[in-house]
Structures are given as structure tokens and as C-alpha cells.
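# A structural walkthrough
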Amino acid sequence: MKKRLLLIIPFLLPLLGCNNIQKIKDNVPIKEETIEPVLPFDEAYNGTDFTSGELAYILDKGIFDTINTFEASIRMPKDVKERSIIFGNYCYYNDISSNNYSCNFEINIDGHLRVYWKQQDIVFNNYNFFNNTWTHLAVVRNKGEQTFTLYVNGELIQTLSKSVSDLPFSGGFRMRIGGDAREGSRKYPFQGEIGSISAYKTTHTQLQIMEDYSDVRDISYATRGLDLIFHTVLSNHEDILIDTSNNSNHARAMTNDYYFEGELYDSADYSFGVVGDTQVLTEFNKSAISTYADWAINNKEEKNLQAMLFMGDLTNGTSSTEEPKWEKMWQTVSTEMSKMDDKVPYIFVPGNHDYLLDSNYRDLTMFNKYFPYSKYSKNSYFGGAYEEGQTQNTYYTFEVMGIKYLIMAMEFGPEKAVLDWMDQVIEDHSDYRVIMITHGFLNTNGEMYSEDTYLSANWYFSRHGYESTSSVQFWNDHLSKHKNLFMILCGHSVGESIAWKMLKGDKGNTVMTFRLDPSYVIASLGFDPILGLFNFNESKKEMTINYFSMEKNLCYNVQNQIRVNFETFDVKTGSYFHPNKEIAR
């Protein structure tokens, strides 16, 4: 049906009275007839307004194909004074090597379309999008001819010569609509409205672009086939944007540095405090690092707080040349955390910034000096250690409401002998609900680190001759074997959103896995200490997460307020458009 339509359309064009199609011949536009939109273009959209800077959408999954045709419908005011990102995944700090996998489609400060493709700029300066009218744009990459071509409302505007390699996005951040993956204050949200986004695998002709322009609501797998990578139409107040391609890669509303009042969740039976990387506070804001201990002590009774779990990067070290400065950080974090002694249990693991990484890459002398075995082994909840006298691989036991917990605190990328010991400890506690905390396990996208992944434990240790384990190995060879493993918690990879993944164990059990690392957000937003409070309601079999600023007493970003049923493992997150409601995931 699709091919037949394309064959018939050229014969119908004169009858339709259409004009202004342009084809390319030697990069010179040739006037021909065209297809008019089904609706006048300004009437075809109500779009979504991104000008507040609070809102963006993030795709559920990565994109595994090179986008050779990108289309969008946008409307921008005439007085925009900032660059505006339509669709992108660039991040200047990325544990997934964003420079190799990043692509942004954006409007620059002059109103011109800019494509950022693997560190290369393609800027079309023949059209200004600051015109306050709905406009359909299409960017077409012709790999064979080494060109990029811009079409506006179906008309050819400009062709540029540019040789770039294919760009599968699977290795980078998930794409976002209305922004990219930058963290903290250096964002460029879209300054206008977006009505539709489309992406295709192949290089489209002008006639195909005109067909899309004529009715974007007709674009789907049913009408475009497997060539369609992603398509959605935006309208106001939608928390979920449906992808009409065969990939079901829907986009979810998220917020940028958005604080809001109130707890989304009912009171819980008990809770655990989960603390991501604190190194920025330890180095630059000693008073803020104390907030964690103060909050825990003041809220222990009300929240029935069982323990505070610190997931590494307690300090901001790694270089022996700065050892005196580094030791002061250890003194700070040790002093502040010791406020919880005999008041609130607290458990910790080392992160990569807690090792002396320019000499013996497994050197934890400072860690064990300021968190000594002689002190922490005396706690009533202490279970044991892999090596007596060392605290980097330890376990702890708790009981609450008749539920016995085993918390395994494992160093970053443990050696095999350590993991064999861990396996035995878990087997010896087969009637316990097991939570494992470690430093690096999930990346910012919520995927496990493989052996060759940038910033994996192997990247730090193995390439320098020291044994280590990637999180893929950690899971496949060890953690997946344990039916009573309940949850994995980690930090390490920066991101203002909590990353999560439900892993299926070999025994059929589902393991909830969460990554929290607010370090870059903390640095960008005035050293704001952020805590993840994991609340448990046993009668409902629910765990809820509030991710919030302890100083502001405000929740941080709707996507970080999470509800999980730990029998069905259905996940819901907060809604931006409908306060006190949630989005099913």
C-alpha cells in the first residue's frame, strides 16, 4: 500500500494544484509541485510548551540505529536569546563516553538549526526558526554523498557537505525531547513548543518528507514500516508520549532541577536512608556533609529509620600528591558520620575516589584508618568481614517486623575470592532478605557495566594489572545465583535522575536495582545535600522512594519519587502535570 501510494502521488499532483516541491540536482533546488498538509499547519498542533525549562521527556530505551532522517514540528518566539535543544543526548560529563555516541538536534542562538554529531557541528544558516509559526523541519543525512540536507515545510533549504561515521546511540544516554543529558545548571531546554518528533533509519526523499509534513498523525509502524525508529505527537499535559514505531520506545515526562513540596507517599512501616556519592560536600562544604547525620538522628523515630547506607566516594581523592588535603577530607567525613554512633546504624563502602589510584590501585589505607575495624566490628549489627582488620568488605544483620535483613557491603569491583566469600555468607543466611550495597554497578542509563566499559571497575583496576570484577560479571557469576537477593544499591555514575533496573535471577526471583549519585547536582545547585529515603510498607508489599533535599525539605524531580510493588515489581513515578498522581512504568 505504501509503495502504491508513492507511485500514484506524482500523477495526482497537478490535479491537486500543489506547488513548491523542490528536488536536488547538483545541490540546486528545482521547483515542482507539492502536497498540502491535511490541516493548515497552525491548526494541526497544540504542542507542548518547554519554555519554563522545568520539563523534558526521556525515552524508555536507547536507540540502536543511526538516525539518517530526523523530523520535528516546532514553534519558537521571535525573541529567543538562548540555544534550544529539540532532541538530544549530549552530556559533557558522561560515564558512557558521550562524545562517541552523542547527537543533538537544536536551534542555535541565531535561530539556525544545528546538528551536533560525534563532536562535529553541522549548522544550516539559510533559515531562521525564530518566527513564531509552526514549522516542520527535516534533516536528511546521505551517507554515500556525504551530505546533510535541511528541508522546511517540505522545501529544500540548504545542503552541506559533511562526512561523518554512523552513529548508533546504544552506547550513550537515552535521547530526550526538549533537552539533552546535561546535568546541573548548564542546560539548554527548548525555548518554544514542540508538536512532533520523527526519526528514520534511511535517507528520505523530498516526496517522503512532504508526505510526513502533510499529516504527522499518520506516521506509525503501520504506515512507515520498520524504517521508522521513533515517532510521537506531543500535546499539553501528557505524562507519557506514545511511540508509534514498532519499538514501543515511549517517552516519559521528567523534570530539570525541579523542587516541589510534600511527600507523595503514605507513611511506611520502616525506612532506610540511601546516600549517593558525597565527595563534593566532603571537599567543599563541610557543614553540608553533617546534614546527613543530623537528619538521621532527628528523624530516626518518626521514620523508623533502620540504617543509613553510604555507597562510596565518601571523599574526593585519588592522588598521593594531594594526600594531606585528602586526609583532611577523611577527618571530616569520619567526624561527621561518627555523630550517628550509638544513635543510628550506618554502613559504608569505598568508591573509586576513596582509593589511592596513582600508586597501589587497591590501596585503602585511609579508608581503614578512619573507618577502623576495631571500632565498627563492635556494633551489635556487625556480622563479619572478608578480612579481619579491614572494613571494605563486610556484612550486617537487622530484624524489623519479623523480617531479617542481611546487608552485604562490598567494595568497588571485588576480586573473585571476595565474591566467593560473599556467596557463602548469603547462602548461610538463606532466610534473610538480602540488600547489597556497592559503589559502581549501574550506569546512568540503568545498565550494568561490562568489562570494557569506561568507568567500570575494570577500567580503574584491571588495566593496571589489578584483579577486579565488572558488574556484568558480578551479576552473572555470583549475584544472580541467590534467590534471597532482594535489592542492589549503588552510586558512582552521576545523574540527577535515579537509574533503576529490574534484574531476573537464575532462580526466577526479581532483584530491584537502583543507582543514586547526586554529586554533580550537589555541586551545581549550591551544595544541596540530597537523600534517598527508601520506605517499606509490608502489608501492601510496597517500597516507595522519596529523593529530596534535606536542607530545603523539598522533593527533587518528579521522576525520582518512585513506588514499587515488590511482589509484582510494577513501578510508578511521580507526575509533573497531575500532582499527587503517578505514572505507571
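This structure is a prediction, so every number in the text was calculated from the model and none was measured. (Residues numbered from 1 in each chain as written. Predicted model: local features only at pLDDT ≥ 70, side-chain atom pairs only at ≥ 80, totals over all residues. Heavy atoms only, no water.)

## Observations regarding the overall build of the protein
- Counting secondary structure elements, the protein contains 13 helices and 34 strands.
- Accessible area of the protein: about 22800 Å², with a carbon and sulfur share of 46%. (Helix = DSSP H or I, 4+ residues; strand = E, 2+ residues; numbered from the N terminus. Areas by Shrake-Rupley, 256 points an atom, 1.4 Å probe, with all protein chains shown as cover.)

## Describing the sheet that holds strand 16 (residues 240-241)
- Read from one edge to the other, the open sheet built from eight strands follows the order 9-8-7-6-13-4-17-16, with strand pairing classed as antiparallel. Taken across any chain shown, the strands that pair with only one partner, and hence form the sheet edges, are strand 9 (120-124) and strand 16.
- In terms of strand pairing, strand 6 (residues 84-88) meets strand 7 (residues 103-107) through four bridges, oriented antiparallel. Along strand 7, the bridge assignment pairs S84 with I107. (Pairing = 2+ DSSP bridges.)

## Some words on the nonpolar core
- Counting 47 residues, the largest nonpolar core has Y57, I74, I86, F87, L137, I177 and I197 as the members making the most contacts within it.
- Formed by 43 residues, the second largest nonpolar core is a distinct cluster that contains Y405, I498, L554 and F566. (Core = buried A, V, L, I, M, F, W, Y, C linked by side-chain atoms within 4.5 Å. Buried < 20%, exposed > 50% of the residue type's maximum accessible area, 1.4 Å probe, protein only.)

## Section: the confidence of the model for the protein
- Residue-level pLDDT values for the protein average 87, and 87% of them are 70 or greater.
- Low pLDDT, under 50, characterises residues 1-33; the predicted model gives this stretch 53 contacts beyond four residues in sequence or across chains.
- Across residues 94-98, where pLDDT falls below 50, the model places 17 contacts with residues more than four positions away in sequence or in other chains. (pLDDT = per-residue confidence, 0-100. Contact = heavy atoms within 4.5 Å.)

## Looking at the pairing of strand 24 (residues 403-409)
- For strand 24, the tally of buried residues reaches six of seven residues, placing the bulk of the element in the interior.
- For strand 23 (residues 394-400) and strand 24, the ladder comprises seven bridges, and the chain directions are antiparallel. Considered in strand 24, the bridge of T394 is made with A409.
- Taken together, strand 23 and the strand that follows it, strand 24, pair antiparallel across an intervening segment of two residues, in which M401 is found at a positive phi of about 55°.
- Across five bridges, the pairing between strand 24 and strand 25 (residues 433-437) is parallel. Counterpart to M408 in the pairing with strand 25 is M436.

## Here's the deal with the sheet that holds strand 27 (residues 495-504)
- Pairing in this open sheet of seven strands is mixed, and the strands run 22-23-24-25-26-28-27 from one edge to the other. Both edges of this open sheet fall to strand 22 (382-385) and strand 27, since each of them pairs with a single strand only. Between one strand axis and the next, the sheet turns by 20° as a mean value, whatever way the strands run.
- Contacts from helix 10 (residues 416-428) reach strand 22, strand 23, strand 24 and strand 25, with the element oriented near 175° to strand 24. (Axes fitted to C-alpha atoms, helices over the stretch in contact; angles between N-to-C directions.)

## Looking at helix 7 (residues 323-337)
- Given a rise of 1.5 Å per residue, 15 residues ought to cover 21 Å, and the 21 Å separating the end C-alpha atoms of helix 7 matches this to within 8%.
- Listed as buried for helix 7 are W326, E327, M329, W330, T332, V333, S334, E336 and M337. (Expected span 1.5 Å × (residues − 1).)

## Comments concerning helix 6 (residues 286-303)
- For helix 6, which comprises 18 residues, the first-to-last C-alpha distance of 25 Å matches the rise-based estimate of 26 Å (1.5 Å per residue) to within 8%.
- At I297, helix 6 shows its largest bend, some 35°.
- Among the residues making up helix 6, those that are buried are A288, I289, S290, T291, Y292, A293, W295, A296, N299 and K303.
- One or two residues past the end of helix 6 sits N304, with phi positive at roughly 45°. (Bend = angle between axes of the 7 residues up to and from the residue.)

## Some details on unusual backbone geometry
- The backbone of M401 shows a phi angle near 55°, a positive value even though the residue is not glycine.
- Mapping M401 onto the fold places it in the loop between strand 23 and strand 24.
- M401 sits in the exposed class, given a relative accessible area of 51%.
- The backbone of F569 shows a phi angle near 65°, a positive value even though the residue is not glycine.
- Here F569 lies in the loop between strand 32 (562-565) and strand 33 (571-574).

## Remarks on the packing of aromatic side chains
- Per the stated rule, a full pass over the model turns up 45 aromatic pairs.
- A ring pair is formed by Y346 and Y376, whose centres lie 5.7 Å apart and whose planes are at 85°; its orientation type is edge-to-face. You can see Y346 sitting in strand 21 (residues 346-348) and its partner Y376 sitting in helix 9 (residues 373-376), a full 30 residues away along the chain. Of the two residues examined, Y346 and Y376, each falls in the buried class.
- Ring centres 5.7 Å apart and planes at 80° place the aromatic pair F382 and Y396 in the edge-to-face group. Of this pair, F382 sits in strand 22 while Y396 sits in strand 23, placing them 14 residues apart in sequence. (Phe/Tyr/Trp six-rings, centres within 6.5 Å; stacked < 30°, edge-to-face > 60°.)

## Concerning the pattern of salt bridges
- Inspection of the entire model under this criterion finds 25 salt bridges.
- As a salt-bridge pair, D166 and K143 come within 3.0 Å of each other at their nearest N and O atoms. With D166 in the loop between strand 12 (155-161) and strand 13 (176-177) and K143 in the loop between strand 10 (135-142) and strand 11 (147-152), the pair connects residues that are 23 residues apart, well separated along the chain.
- Among the salt bridges present, the one from R433 reaches E538, with a minimum N-O distance of 2.9 Å. In this pair, R433 sits in strand 25 while E538 sits in the loop between strand 29 (530-537) and strand 30 (542-549), placing the two residues 105 residues apart along the sequence.
- According to the relative accessible area criterion, E538 is buried, its value standing at 7%. (Salt bridge = Lys/Arg side-chain N within 4 Å of Asp/Glu carboxyl O.)

## Concerning the environment of L305
- Considering the arrangement of structural elements, one finds L305 in strand 20 (residues 305-310).
- Along the chain, L305 and G273 lie 32 residues apart, while their C-alpha atoms are 7.2 Å from each other.
- With sequence-adjacent residues up to four places away left out, L305 is seen in contact with S271, F272, G273, W295, A296, K300, V344 and L533.

## Examining the side chain of S493
- By secondary structure assignment, the location of S493 is in the loop between strand 26 (485-490) and strand 27.
- Within polar-contact distance, the side chain of S493 engages the backbone nitrogen of T444 at 3.3 Å. (Polar contact = N/O pair within 3.5 Å; in protein donor to acceptor, adjacent residues only side chain to side chain.)

## Some thoughts on the side chain of E193
- Relative to the helices and strands, E193 resides in strand 14 (residues 193-200).
- Residue classification places E193 among the buried positions, given a relative accessible area of 17%.
- Once residues lying within four places of it in the same chain are set aside, the contact partners of E193 are N46, T48, D49, S73, I74, R75 and W134.

## Focus: the environment of H429
- Among the secondary structure elements, H429 is positioned in the loop between helix 10 and strand 25.
- Those residues in contact with H429, other than ones at most four positions away along the chain, are Y395, T397, L406 and N484.

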